[in-house]
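Residue strings, one per chain:
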Amino acid sequence: MHSPLAVIHPDAKIGNNVTIDPFAVIEKNVVIGDNCRIYSHATILDGARIGSDCNVFPGAVIAGIPQDLKFVGEDSIVEIGDRTTIRECVTINRGTASKEKTIVGSDCLIMAYAHIAHDCFIKDNVIIGNASQLAGEVVVDNFAIVSGGSLVHQFTRISKHVMIQGGSRVGKDIPPYTLIGRDPIAYCGINIVGLHRRGFTNEQVFLIQDIYRTLYTRGLNNTEALNAIETEYEPSIERDLILDFIKTSKRGIVRGSIDD
């Protein structure tokens with residue numbers, strides 16, 4: 001159902017069974033998949049690509065132009081996957097020439113007043129908490145949770161199954177499976193509750209814990225710790241993901257706890 005009080009450009013492509021409430025605005029060059037609901041006063045701008053079964057709440061602005069002085073009007077888009085919820089007053093900016101798109105995956109929850117800047121890549125099953133702010137070209141991997149009020153520096157990577165404490169200032173890469181908190185942020189352990197919810201076995205959890213003890217508590221520098229992890233632990237999905245993430249980090253990873 002499309003309200004006659006909504007503003008919908010005739011060139012917008014709207015799927016089946018889409019509800020568009022009064023005073024929503026949908027511009028040209030927009031694609032919205034089946035079974036979505038666009039609430040009153042949501043604004044879907046040129047370049048938005050929204051999957052099926054999504055909800056966009058009042059005040060959200062999807063595909064605003066980047067807040068980047070290098071942007072000169074080039075064509076770019078925002079892609080949002082299926083079954084993702086965009087809550088009140090969220091802003092998601094289009095890409096720039098750097099990546100040409102900003103991506104938010106499927107089954108994500110982007111809570112009220114969060115901001116996702118140009119060229120970010122938010123993968124599937126991610127939760128971004130209320131009023132969290134992600135700068136340009138941030139990558140957040142599957143099943144990560146960025147709790148409310150967090151600030152994430154541009155180009156930062158947040159790996160899989162991470163839990164970041166609310167109000168954190170994230171300026172370093174966050175390796176997989178970790179629990180991150182304190183001020184300044186530090187490694188506080190592994191995300192045990194999240195891992196069990198995702199079906200990780202006790203053996204997998206113990207392995208991840210042991211690898212991070214080697215990294216953070218044995219008094220080794222990063223090079224020594226990586227060598228120890230590579231030689232002392234058999235190859236596994238968990239070990240290899242941790243090793244690859246740390247080896248490819250450009251910003252460096254979050255430090256260990258001062259209590260270690």
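Just so it is clear, the structure is predicted and the values come from calculations on it, not from any experiment.

> Just checking my understanding: could you explain the overall build of the protein for this structure?
A count of helical and extended segments in the protein gives four helices and 27 strands. The C-alpha radius of gyration computed for the protein amounts to 20 Å, which stays within 12% of the reference 18 Å derived for 260 residues, consistent with globular compactness. With the C-alpha coordinates aligned to their principal axes, the bounding extent of the protein is approximately 65 × 40 × 30 Å. Counting across all 260 residues of the protein, residues that qualify as buried make up 47%. Looking at the protein as shown, the accessible area adds up to about 12000 Å², and 52% of this sits on carbon and sulfur atoms.

> How should the environment of Gly81 be read in this particular structure?
Take Gly81: it is sitting in the loop between strand S11 (77-80) and strand S12 (85-86). For Gly81, a relative accessible area of 17% translates into the label buried. A sequence separation of 48 residues divides Gly81 from Gly33, and the C-alpha atoms of the two residues are 9.4 Å apart.

> Whenever I open this one, the sheet that holds strand S9 (residues 55-56) confuses me. Can you help?
Whenever strands of a sheet pair, they do so through backbone hydrogen bonds, lying parallel or antiparallel. On the basis of which strands lie adjacent, the open sheet formed by 10 strands has the order S3-S6-S9-S12-S15-S18-S21-S24-S26-S27 and mixed pairing. The outermost strands of the open sheet, each flanked by one partner alone, are strand S3 (19-20) and strand S27 (186-190). Here strand S26 (residues 178-181) pairs with S27 via three bridges, running antiparallel. What sits directly across from Ile180, in S27, is Tyr187. Its contacts with the sheet put helix H2 (residues 202-216) on S26 and S27, and the angle it makes with S27 is roughly 150°.

> Please explain the packing of aromatic side chains as it appears in this structure.
Given two aromatic rings, their pairing is described by the distance between the two centres and the angle made by the two planes. Throughout the structure, instances matching the rule amount to five aromatic pairs. Here Tyr39 and Phe57 contribute two aromatic rings whose centre-to-centre distance is 4.3 Å and whose plane-to-plane angle is 15°, an arrangement assigned as stacked. Residue Tyr39 is located in the loop between strand S6 (37-38) and strand S7 (43-44), and its partner Phe57 is located in the loop between S9 and strand S10 (61-64); the two are separated by 18 residues in the primary sequence. The exposure class of Phe57 is buried, given its relative accessible area of 14%. Residues Tyr187 and Tyr216 carry aromatic rings whose centres are separated by 4.4 Å and whose planes lie at 15° to one another, so their mutual orientation is stacked.

> Looking at this model, I keep getting lost on the packing of H2 against helix H4 (residues 237-247). Mind explaining?
In a pair of packed helices, the angle between the axes and the distance between the axes together describe the arrangement. At a closest axis distance of 10 Å, the pairing of H2 and H4 adopts a crossing angle of 35°. Two packed elements cross with a definite hand, and for H2 against H4 that hand is right-handed. From H2, Gln204, Leu207, Ile208, Ile211, Tyr212 and Leu215 reach across to H4, where they touch Glu238, Arg239, Ile242 and Ile246.

> Just checking my understanding: could you explain the sheet that holds strand S17 (residues 121-122) for this structure?
As summarised here, the arrangement of the eight strands in space is S2-S5-S8-S11-S14-S17-S20-S23, forming an open sheet in which the pairing is parallel. The outermost strands of the open sheet, each flanked by one partner alone, are strand S2 (13-14) and strand S23 (157-158). In this sheet, strand S14 (residues 101-104) lies alongside S11 in parallel orientation, the contact comprising four bridges. In the strand pairing of S14, Val78 is matched with Thr102.

> Help me understand the pattern of salt bridges, please; the structure alone is not making it clear to me.
Any two side chains of opposite charge can pair, on the condition that their charged atoms come close. Throughout the structure, instances matching the rule amount to 14 salt bridges. Measuring nitrogen to oxygen at the nearest pair gives 3.8 Å for the salt bridge that ties Arg157 to Asp173. Placement of the pair is Arg157 in strand S23 and Asp173 in the loop between strand S25 (169-170) and S26, with a sequence separation of 16 residues. On the accessibility criterion, Arg157 (23% relative accessible area) is partly exposed. We classify Asp173 as buried; its relative accessible area is 1%. For Lys247, the salt bridge goes to Glu230, with nearest N and O atoms at 3.2 Å. Placement of Lys247 in helix H4 and of Glu230 in helix H3 (residues 222-232) is noted, with a sequence separation of 17 residues between them.

> Is there a simple way to think about H4 in this case?
In an α-helix, one full turn covers 3.6 residues, which means residues spaced three or four apart are oriented alike. For H4, the set of buried residues is Glu238, Arg239, Ile242, Leu243, Phe245 and Ile246. Viewed along the axis of H4, the buried residues span an arc of 165°, placing them on a single side of the element. For H4, the elements touching its buried residues are S23, H2 and H3.

What counts as what
Residues numbered from 1 in each chain as written. Predicted model: local features only at pLDDT ≥ 70, side-chain atom pairs only at ≥ 80, totals over all residues. Heavy atoms only, no water. Helix = DSSP H or I, 4+ residues; strand = E, 2+ residues; numbered from the N terminus. Rg over C-alpha atoms; globule rule 2.2 N^0.38 Å. Buried < 20%, exposed > 50% of the residue type's maximum accessible area, 1.4 Å probe, protein only. Areas by Shrake-Rupley, 256 points an atom, 1.4 Å probe, with all protein chains shown as cover. Pairing = 2+ DSSP bridges. Contact = heavy atoms within 4.5 Å. Axes fitted to C-alpha atoms, helices over the stretch in contact; angles between N-to-C directions. Phe/Tyr/Trp six-rings, centres within 6.5 Å; stacked < 30°, edge-to-face > 60°. Left-handed = near helix turned anticlockwise from the far one by under 90°. Salt bridge = Lys/Arg side-chain N within 4 Å of Asp/Glu carboxyl O. Arc of directions from axis to C-beta.

The values are spatial; any link to function lies outside them.
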